[in-house]
Structure formats: structure tokens, C-alpha cells
Amino acid sequence: MRAVILISGRGSNMQALLRAGLTVDFRCVISNRPQAAGLAIAAQRGVATAVVDHEAYPDRDGFDSALAAEIDRHAPDLVILAGFMRVLTDAFVQRYAGRLINVHPALLPAFPGLRTHERALQAGVRLHGCSVHYVTPEVDGGPILVQAAVPVLAGDTPETLASRVLRQEHRILPLAVDWIARGRVYLGADGRVVSRDLSGDPEAALISPADGLAVSQAEASDT
Ligand code: GAR
């Protein structure tokens, strides 16, 4: 399977993908920001990089056309939004229907959009987490491939919660890409995720909150 990764900044999810030892040919990492730190990390790992700077285009259509042209040079089977912070036009999303996925830092459909950790704390939820989903024109609204939950702990700040969630993002994004590469999940014609042969996989449904708590306790005992 050939894949292209889109980033906007730090690139830790991209790094988790590149480190995971997947049977995936990562053809290129593309950033909409020239200064994205993830570009250097990809280059160090020998992965081709490209920049399509959104500021160089007068409107979303122009940017999305240029982005699609760069993506299509690599003829990917899968396009992975890994911390890509631009809203994409419907035309772009439809062009890659069924082969465009995103990692989002919340348990969708709760908290689509930005500032998810701050909003989760304000809402007083006891569970928070992350989701990997197929991208549809509704922002953060597409069919969900896999989710991981973590506990919200007393004294959490948006930063402590974000780091607990990010550790789980780094697990579920490679997991989802691996499933897709192996043909174990795909987007069905009815717009729902079809999964095959996942019944024996303990991570198939939901990565458990208890695991998130164990991670938190390990973090606490590390300090
Ligand atoms: C991640 O937490 C990702 O879920 C989020 O941005 C961060 C990027 O970190 N994405 C979104 O909010 C998309 N709406 P990274 O660059 O270190 O992977």
C-alpha cells in the first residue's frame, strides 16, 4: 500500500507511523507550513517531503488543487491527515473518498473542532480520548475506525490531558493504517466502516480506559 502523510507542525503522529514497522510504502510527507518541525524528522528517516504553503494561494480551492496535484504525483492508496490543521473543501474530500483518514484528539462525536482538551475539562467529562476516522465533508464527522479512551484525572490541565491522549493517538493511528493495509477494514459503499477478521483482536473495538490509567500511574511513578 502506498501512503502519503499530511502534517502541519510537530509531526509526532507521523513519526509514530514511520516508526511502527508497517508494510506501507510512505511515499511523501507534505506540510502546508514550510516551518513544520515534522518535515526534518521525515527527511532524517529518508522519506520524501514537500511543502504546499497555504499562504501562497488566494483561496481554499486554489490551495486544495495544488495539494491534490502534489498528492497525486505519488498515486497513494491512502492519504493520512496526521495533525493537518486545514479544513479541506468538499471537492478535495470527495476526490479521496474512502482513502482519506484523520486522527482527532477527542472521542468523536464529542468535541469536533479545536481546543478539544480544554473543552473536555470544561464539560467535566470523566473519559476523554482520540479517534481515527474516514474523512467526509462534515468536519470530524466521518465513520470511525478506532478509538482510545483515557481517564480525566483530578488536577488535569489541557496540557496533561493532551499528553495522555497523544500517547494513545500514537497507538491507534498506526493500528488503523495497519488494518487498512491488510484489508481488514475499509469504507463500505453505504458509508460505514466494514471490518473483517477483527474478532480475535483485543484492540479491535476500543483501547480501554484501564490501560490509560495504567499509563498515568506509570507516568506518576516515573517522576
Ligand atoms: C494531534 O493531537 C492531532 O490529533 C491533532 O493535532 C495534533 C498534532 O500533533 N489534530 C487535530 O486537532 C486535527 N483537527 P502532531 O503534529 O505531533 O502529530
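Calculation criteria
Residues numbered from 1 in each chain as written. Predicted model: local features only at pLDDT ≥ 70, side-chain atom pairs only at ≥ 80, totals over all residues. Heavy atoms only, no water. Helix = DSSP H or I, 4+ residues; strand = E, 2+ residues; numbered from the N terminus. Buried < 20%, exposed > 50% of the residue type's maximum accessible area, 1.4 Å probe, protein only. Contact = heavy atoms within 4.5 Å. Areas by Shrake-Rupley, 256 points an atom, 1.4 Å probe, with all protein chains shown as cover. Near = heavy atom within 4 Å. Polar contact = N/O pair within 3.5 Å; in protein donor to acceptor, adjacent residues only side chain to side chain. 1 Å grid on protein atoms, 1.4 Å probe; cavity = no way out; pocket = protein on both sides within 12 Å on 5 of 7 lines; lining within 4 Å. Sits in = over half its atoms within 2 Å of the grid points. Nonpolar A, V, L, I, M, F, W, Y, C, P; charged D, E, K, R; others polar. Points joined across faces, edges and corners; volume = space filled by probe spheres on them. Phe/Tyr/Trp six-rings, centres within 6.5 Å; stacked < 30°, edge-to-face > 60°. Lys NZ or Arg CZ within 6 Å of the ring centre and 35° of its normal.

Caption draft 1: Quick look at the overall build of the protein chain. Check the secondary structure of the protein chain and you find seven helices and ten strands. In the protein chain, buried positions account for 48% of the 223 residues. Contacts spanning at least 24 positions in sequence make up 60% of the contacts within the protein chain whose residues lie at least 6 apart. Carbon and sulfur atoms make up 50% of the accessible area of the protein chain, which totals about 10,600 Å².

Caption draft 2: Molecular detail of the site of the ligand. What surrounds the ligand is the set Arg10, Gly11, Ser12, Asn13, Gly83, Met85, Val103, Pro105, Leu166 and Glu169. A distance of 2.8 Å separates an oxygen atom of the ligand from a polar backbone atom of Gly11. In the model, an oxygen atom of the ligand is placed 2.9 Å from a nitrogen or oxygen of the Asn13 main chain. For the ligand, the protein covers 86% of the area, taking 450 Å² as the surface of the free molecule. Placement of the ligand is best described as lying within the largest pocket. When residues of the shell around the ligand are traced back to their parent elements, those giving at least two are α1 (12-19) and α6 (158-181). Residue composition of the shell around the ligand, grouped by class: four nonpolar, four polar and two charged.

Caption draft 3: Molecular detail of the layout of surface pockets. Reported here for the largest pocket is a volume of approximately 900 Å³. Lining the largest pocket we find 37 residues, and of these Gly83, Phe84, Met85, Val103 and Pro105 sit closest to its centre. Those elements that place two or more of their residues in the lining of the largest pocket are α1, β5 (100-104), α5 (116-123) and α6. Per element, the largest residue contribution to the lining of the largest pocket is four residues, and it comes from α6. Classifying every residue of the lining of the largest pocket gives 16 nonpolar, 13 polar and eight charged.

Caption draft 4: Region of the structure containing the side chain of Asp156. Along the chain, Asp156 turns up in the loop between β7 (144-151) and α6. Looking at Asp156, its side chain comes within polar contact range of the main-chain nitrogen of Leu153, at 2.8 Å. Excluding its chain neighbours within four sequence positions, the residues that come into contact with Asp156 are Leu121, Pro151, Leu161 and Arg164.

Caption draft 5: Molecular detail of the packing of aromatic side chains. Scanning the model with the defined rule gives two aromatic pairs in all. Taking 4.9 Å as the distance between ring centres and 50° as the angle between the ring planes, the aromatic pair formed by Phe92 and Tyr96 counts as tilted. Exposure class is identical for Phe92 and Tyr96. Each is buried. The ring of Phe63 has Arg86 lying over it, and the distance from NZ or CZ to the ring centre is 5.8 Å.

Everything listed here is a matter of geometry and, on its own, says nothing about what the molecule does.
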